[in-house]
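Single-letter residue listing:
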Amino acid sequence: MKGLTTRQLDHYKNKGYVSPVNALTSNEANEIRDEIEKIEKDWPGALEGINRNYIHLISPKFNKICLNKNILDAVESIIGKNILICGTTLFIKNPNEKGFVSFHQDAKYIGLEPDNWVTVWVAVTDANEKNGCMRMLSGSHKENLRFHEQKFDKNNLLTRGQTIKNVPLDKTDPVILKAGQISLHHPMIVHGSGLNYSNDRRIGFVIQSYIGANVNQVIGKMFVQKARGKDEYKYHEYSKVPAELMGEKEIISQNKANKELSKIFYSGSKKIGKF
Ligand SMILES: O=C(O)CCC(=O)C(=O)O
């Protein structure tokens, strides 16, 4: 694959997202799941709370996903050839839990400017309407930032439970993916997801986000890694590439990054959520 086709790119520009895009094999997706489940078993709690973030700093396997050629080719079609990785997050919905993601815009609280950045959602498991795939309000990226109510619901997988009200569900598009496929979405698109009614986990490994080297962080500090091209702006501090799974240095690097991330997530908020 050499980047998005003209049709896929037009879809992204007009609707604010594109999917499905083939990126990993189903075996590669299963390897990510195995790595997640190994960490959950051997280091209980290590992927929970704030530590569901910057997970590409604690596992060489997760790091490798962020450098996958098919993913980077698709990203390059959108943000150009100078690409930095500035974060990763796991969005896991277990069966029989009530996890959901309220409708929101990623650009609202993240402080990345200008909006030359894109989020890649890697399906570690299949994602479909039954297990609570993402839903996109097509075209909403062309409008302004909307009002978000901060609800802090306990089952909301977003930091502040930030919620755009009255989004018509029947006007949103489901992002249906097979394990290994990806979707890419724009910083301004209104999106969210419902409950998992299936008997298996729904797992998204989210590269949140790939930024152009020209993108600065205007609220706080983020740690980046070079994915492709040049960084002539040098706005950000670079994090270490992990050498081993959950090594001491790797954990220190993740903790340092998450401490700063938390300040960005909750900037101006009276309350701190669980992520
Ligand atoms: O995984 C989900 O359901 C939502 C993820 C999300 O909001 C995002 O990747 O920006």
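Residues numbered from 1 in each chain as written. Predicted model: local features only at pLDDT ≥ 70, side-chain atom pairs only at ≥ 80, totals over all residues.

Q: Explain the overall build of the chain to me, please; I cannot follow it from the model alone.
A: When helices and strands are tallied, the chain shows six helices and 16 strands. Taken over C-alpha atoms, the radius of gyration comes to 17 Å for the chain, in line with the 19 Å a tight globule of 275 residues would show. Here the C-alpha coordinates of the chain stretch approximately 45 × 45 × 40 Å along the principal axes. For the chain, the proportion of its 275 residues judged to be buried stands at 47%. For the chain, restricting intrachain contacts to residue pairs at least 6 apart in sequence, the fraction spanning at least 24 positions comes to 84%. (Helix = DSSP H or I, 4+ residues; strand = E, 2+ residues; numbered from the N terminus. Rg over C-alpha atoms; globule rule 2.2 N^0.38 Å. Buried ≥ 20, exposed ≤ 12 C-beta atoms within 10 Å, placed from the backbone. Contact = placed C-beta atoms within 7 Å.)

Q: What is the right way to look at the site of the ligand in this model?
A: Around the ligand lies a shell formed by Phe-91, Val-101, Asp-106, Thr-119, Trp-121, Met-134, His-191, Ser-193, Gly-204, Val-206 and Gln-208. Elements with a minimum of two residues in the shell around the ligand: strand 6 (117-123), strand 12 (191-193) and strand 13 (202-212). A per-class count over the shell around the ligand returns five nonpolar, five polar and one charged. (Near = placed C-beta within 6 Å. Nonpolar A, V, L, I, M, F, W, Y, C, P; charged D, E, K, R; others polar.)

Q: Got a minute to help me understand the nonpolar core in this structure?
A: In globular proteins that are soluble, nonpolar side chains generally tend to be buried together. Judged by nonpolar contacts, the single largest core of 73 residues is most densely connected at Val-75, Val-120, Val-122, Ile-182, Leu-184 and Tyr-210. Those residues in contact with Val-122 that lie beyond four places of it in its chain are Ala-23, Leu-24, Ile-65, Ile-182, Gly-204 and Phe-205. (Core = buried A, V, L, I, M, F, W, Y, C linked by C-beta atoms within 7 Å.)

Q: Help me understand unusual backbone geometry in this model?
A: Of all residues except glycine, most have a negative phi; of all peptide bonds, most are trans. Of note, the bond from Ser-19 into Pro-20 is cis; its omega dihedral lies within 30 degrees of zero at -10 degrees. In this structure, Pro-20 sits in strand 1 (residues 17-22). Cis rather than trans, the peptide bond between Gln-208 and Ser-209 has omega equal to 20 degrees. Along the chain, Ser-209 turns up in strand 13. The phi angle at Phe-152 is positive, at roughly 50 degrees, despite the residue not being glycine.

Q: Any chance you could explain helix 2 (residues 26-42) here in plain terms?
A: Every α-helix carries 3.6 residues per turn, so stepping three or four residues along brings you back to the same face. Here helix 2 spans 24 Å end to end across 17 residues, near enough to the 24 Å set by a 1.5 Å rise per residue. All buried positions along helix 2 are accounted for by Ala-29, Ile-32, Glu-35, Ile-36 and Ile-39. Across the axial projection of helix 2, the buried residues extend over an arc of 115 degrees, all falling on one side. With respect to the buried face of helix 2, the exposed residues turned more than 90 degrees away are Asn-27, Asp-34, Lys-41 and Asp-42. Buried residues along helix 2 sit against helix 3 (60-66), strand 3 (88-93), strand 6 and strand 13. (Expected span 1.5 Å × (residues − 1). Arc of directions from axis to C-beta.)

Q: Help me understand the sheet that holds strand 7 (residues 134-136) in this model?
A: Taken in spatial order, the four strands make up an open sheet running 4-12-7-10, and their pairing is antiparallel. Of all the strands in the sheet, the pair left with one neighbour each is strand 4 (101-104) and strand 10 (173-174). (Pairing = 2+ DSSP bridges.)

Q: What exactly am I supposed to notice about the pairing of strand 6 here?
A: For a regular strand, the rule is simple: side chains alternate between the two faces of the sheet. Judged by how many residues are buried, strand 6 sits mostly within the fold: seven of seven residues are covered. What you see with strand 6 is no split at all: Trp-117, Thr-119, Trp-121 and Ala-123 on one side and Val-118, Val-120 and Val-122 on the other are buried throughout. As defined by bridge partners, strand 6 adjoins strand 13 across six bridges and the pair is classed as antiparallel. Bridge assignment links Val-120 to a residue of strand 13, and that residue is Ile-207. Of the pairings in the sheet, the one linking strand 6 to strand 11 (residues 181-185) comprises four bridges and is antiparallel in character. Across the sheet, residue Val-122 finds its bridge partner in strand 11, namely Ile-182.

Q: Just to check I follow, could you spell out the environment of Asp-200 for this structure?
A: Within the secondary structure, Asp-200 is located in the loop between strand 12 and strand 13. Among residues more than four places away in sequence, those in contact with Asp-200 are Pro-95 and Thr-125.

Q: Looking at this model, I keep getting lost on helix 6 (residues 248-265). Mind explaining?
A: With 18 residues, helix 6 should reach 26 Å at 1.5 Å per residue; the first-to-last C-alpha distance of 25 Å fits that figure. Buried within helix 6 we find Glu-250, Gln-254, Ala-257, Asn-258, Leu-261 and Phe-265. The buried residues of helix 6 occupy one face: seen down the axis, they fall within an arc of 105 degrees. Residues of helix 6 that are exposed and point over 90 degrees away from its buried face: Glu-248, Ile-252, Lys-259 and Lys-263.

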